[in-house]
Amino acid sequence: MRSGNARAACRYRRASLSEATTTQRRGIAEILGIPRPLFFGFVGLLLFMIGDGVEAGYLDTFMLHNGHTQGDVNLLFTTYGITVMISAWFSGPLSDLYGPKKVMWIGLILWAVLEVGLLALGLGPNNFTMTLLFYTLRGFAYPLFAYGFLVWIAAATPANMLGSAAGWFWFSFSAGLPTLGSQFARYAIPAIGELATFWCSLGLVILGGLVALLFTHEPTGKKRLLPDHVSTKDIFFGSISIMWREPKTLIAGIVRTIDTSSEYAFLAIMPAFFIDHLGFTQGQWLNLLSLIFLSNILFNLVSGMLADALGHRFIVSVFGGIGGFVSIPLFYYIPVWYPGNFAAAAAVGIFYGATVAAFVPLSGLMPQICPKEKAAALSILGLGAGASTWVGPAIAGICESVFGFGMEGIIWAFALIYLAAAGMTVTLRISDEARRYTQEALARGESITAVGH
């Protein structure tokens with residue numbers, strides 16, 4: 001099932017590597033670690049994710065300032081996250097079945113059509129029912145585009161460039177959503193207003209999607225990745241059954257869910273807290289959000305390098321889990337203790353972004369735990385990444401509506417969850433059998449580099 005996918009991907013990588021070694025020319029893209037045939041894919045992904053991230057810093061306050069409750073906002077973010085999770089998992093099997101490029105086209109078209117419905121029928125006339133409907137459905141769109149491209153990278157990149165290519169994927173992804181997206185909103189809102197800024201995001205997404213799909217001509221992504229004799233049932237079932245066949249993948253998936261759950265919860269609850277309760281301006285909040293994710297982008301690379309020296313489990317459990325247990329409360333208390341002090345808030349925000357980035361080595365640990373089914377194992381990380389988009393807001397909503405917690409209680413709930421993630425990570429040991437298989441694969445010249453965070 002999925003092991004066939006790994007073999008197919010390996011064949012594609014070996015073919016690409018052969019082509020790379022026959023040419024002596026190395027352009028700027030190759031020097032930077034970007035596969036030249038996929039260069040415009042990375043550029044398009046960046047533009048697409050900037051457009052997708054425009055709303056991230058102010059959709060919460062836009063809804064609240066137009067008569068909706070925090071419960072409405074939590075529901076909106078939760079249902080959106082559920083569809084993101086489903087789509088994040090589907091992007092892998094669909095790419096195996098139809099080819100990554102077709103999956104990316106589907107994601108782009110869905111995003112554009114549903115965004116028009118969201119703005120024209122939902123946010124524009126302030127109709128919450130239509131906003132909930134179109135925003136929830138739009139959650140299916142961006143994972144098909146973004147994670148479809150990630151599969152394309154895995155299938156078409158030479159083995160000796162796969163690690164750097166994966167790093168550039170996450171750089172483009174995170175630099176757009178929400179770092180540069182928030183900065184775009186920061187300057188567009190005073191000039192043209194909040195609703196018009198939403199419409200600009202549609203233009204950015206379409207531009208990015210067209211750049212990626214019209215200017216990227218690499219042939220691997222245009223076709224089905226698995227042989228025709230592999231059934232559709234096997235493709236989809238194999239990418240989910242690994243959770244009970246290899247329970248460590250389930251634990252890793254839960255840890256990955258915890259990783260960015262607080263980020264998505266904070267996007268739902270923190271804008272109003274900083275702006276309406278702490279007195280920050282909208283511009284200050286958007287700048288703070290950009291600094292957090294800039295820190296996250298930079299420490300994605302740092303944590304990966306440290307993991308090679310200190311161990312994957314060590315970095316994730318200590319700097320990720322325990323680090324999050326420390327940074328999350330500080331991100332709440334420091335701005336409360338020092339009201340209006342942007343520098344202090346920025347310092348703890350940067351620390352928080354770094355601790356979230358410390359979970360990146362999970363991507364290197366997963367293929368070592370299940371070296372025979374690397375693609376299936378990584379699909380669980382994709383599932384966890386998608387789940388975090390709704391689990392985070394759901395935790396915040398449950399803490400508030402069921403347990404009656406205020407902001408402080410929600411913060412400590414997340415801190416304890418990150419501490420639990422540290423404990424779960426300790427159990428993710430590589431078996432002797434898996435270690436031997438990995439060593440044999442390396443001896444054969446096969447890559448074990450992960451392609452997903």
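Please read all numbers here as calculations on a predicted model, not as lab measurements.

## Description of the overall build of the protein
When helices and strands are counted, the protein shows 19 helices and zero strands. Expressed as a percentage of the 453 residues in the protein, the buried residues total 60%. Across the protein, the fraction of contacts at a sequence separation of at least 24, relative to all contacts at a separation of at least 6, is 85%. Carbon and sulfur atoms make up 69% of the accessible area of the protein, which totals about 17500 Å².

## What about empty space enclosed by the protein?
Using the criterion set out here, one finds four cavities of 30 Å³ or more in the structure. Taken together, 18 residues line the second largest cavity, and the ones lying closest to its centre are F173, S174, T260, E263 and Y264. Elements with a contribution of two residues or more to the lining of the second largest cavity: helix 9 (162–192), helix 12 (247–277) and helix 13 (282–310). Here the residues of the lining of the second largest cavity sort into 11 nonpolar, five polar and two charged.

## Examining the confidence of the model for the protein
Taken as a whole, the protein shows an average pLDDT of 85; of its residues, 88% reach a score of 70 or greater. Confidence over residues 1–24 falls short of pLDDT 50; this stretch has 38 contacts with residues more than four positions distant or in other chains. Overall, residues 447–453 carries pLDDT values under 50, and its contacts beyond four positions in sequence, including any with other chains, amount to 33 contacts.

## Comments concerning helix 18 (residues 407–426)
For the α-helix, the turn length of 3.6 residues means that residues three or four positions removed from each other point alike. Here helix 18 contains 20 residues, and its C-alpha end-to-end distance of 30 Å stays within 8% of the 28 Å for a straight helix at 1.5 Å per residue. Listed as buried for helix 18 are M407, I410, I411, A413, F414, A415, Y418, A421, A422 and T425.

## Things to note about the packing of helix 5 (residues 70–98) against helix 11 (residues 232–245)
Relative to each other, helix 5 and helix 11 sit at 145 degrees, their axes nearing to 10 Å. Here the hand of the crossing between helix 5 and helix 11 comes out right-handed. Here W89, F90, P93, L94, D96 and L97 of helix 5 lie close against helix 11, whose contacting residues are T232, I235, F236, S239 and I240.

## Overview of the nonpolar core
Core analysis: the biggest nonpolar cluster contains 125 residues, and Y142, F149, F169, F173, M270 and F274 have the highest contact counts within it. Beyond its immediate chain neighbours, meaning those up to four positions away, F169 contacts F42, L45, A146, Y147, F149, L150 and I153.

## Describing the side chain of N296
One can find N296 in helix 13. Apart from residues no more than four positions distant in its own chain, N296 is found in contact with S174, E263, G353, V356 and A357.

## Digging into a nonpolar patch on the surface
A cluster of nonpolar side chains, namely L294, L298, F299, V302, L306, L310, F314 and F319, defines an oily patch on the protein surface of about 680 Å² accessible area. Looking at the nonpolar patch, the elements that each hand over two or more residues are helix 13 and helix 14 (312–337). Top element by residues in the nonpolar patch is helix 13. It accounts for six residues. Note on placement: L294 falls in helix 13.

## With respect to the packing of helix 5 against helix 8 (residues 141–156)
Their axes nearest at 8 Å, the elements helix 5 and helix 8 cross at an angle of 35 degrees. Judged by the twist between their axes, the crossing of helix 5 over helix 8 is right-handed. From helix 5, Y80, V84, S87, A88, S91, G92, L94 and S95 reach across to helix 8, where they touch Y142, P143, L144, Y147, G148 and V151. Class assignment for the residues of the contact of helix 5 with helix 8 results in nine nonpolar, five polar and no charged.

## Some thoughts on the pattern of salt bridges
A full pass over the atoms with the stated rule returns five salt bridges. Salt-bridge contacts for R138 lead to D52; the nearest nitrogen and oxygen are separated by 3.6 Å. Residue R138 is located in helix 7 (residues 128–138), and its partner D52 is located in helix 3 (residues 39–53); the two are separated by 86 residues in the primary sequence. Here R138 and D52 have matching classes, each one buried. Of the charged contacts, one joins D228 and R224 as a salt bridge, the two residues approaching to 3.7 Å between their closest N and O atoms. By relative accessible area, R224 is classed as partly exposed at 21%.

## Some remarks on helix 15 (residues 342–357)
For helix 15, which comprises 16 residues, the first-to-last C-alpha distance of 22 Å matches the rise-based estimate of 22 Å (1.5 Å per residue) to within 8%. Of the residues making up helix 15, those classed as buried are A344, A345, A346, V348, G349, Y352, G353, A354, T355, V356 and A357. Its side-chain oxygen 3.2 Å from the backbone nitrogen of A343, N341 forms the N-cap of helix 15.

## A word on the environment of Q70
By the element assignment, Q70 lies in helix 5. Separated by 202 residues in the primary sequence, Q70 and A272 have C-alpha atoms spaced 9.1 Å apart. Sequence-distant contacts of Q70, defined by excluding residues within four places in its chain, comprise D60, L64, A268, I269, A272 and E400.

Conventions we followed
Residues numbered from 1 in each chain as written. Predicted model: local features only at pLDDT ≥ 70, side-chain atom pairs only at ≥ 80, totals over all residues. Heavy atoms only, no water. Helix = DSSP H or I, 4+ residues; strand = E, 2+ residues; numbered from the N terminus. Buried < 20%, exposed > 50% of the residue type's maximum accessible area, 1.4 Å probe, protein only. Contact = heavy atoms within 4.5 Å. Areas by Shrake-Rupley, 256 points an atom, 1.4 Å probe, with all protein chains shown as cover. 1 Å grid on protein atoms, 1.4 Å probe; cavity = no way out; pocket = protein on both sides within 12 Å on 5 of 7 lines; lining within 4 Å. Points joined across faces, edges and corners; volume = space filled by probe spheres on them. Nonpolar A, V, L, I, M, F, W, Y, C, P; charged D, E, K, R; others polar. pLDDT = per-residue confidence, 0-100. Expected span 1.5 Å × (residues − 1). Axes fitted to C-alpha atoms, helices over the stretch in contact; angles between N-to-C directions. Left-handed = near helix turned anticlockwise from the far one by under 90°. Core = buried A, V, L, I, M, F, W, Y, C linked by side-chain atoms within 4.5 Å. Patch = residues over 30% accessible without salt bridge, like charges linked within 9 Å, V, L, I, M, F, W, Y side chains within 5 Å. Salt bridge = Lys/Arg side-chain N within 4 Å of Asp/Glu carboxyl O. Polar contact = N/O pair within 3.5 Å; in protein donor to acceptor, adjacent residues only side chain to side chain.

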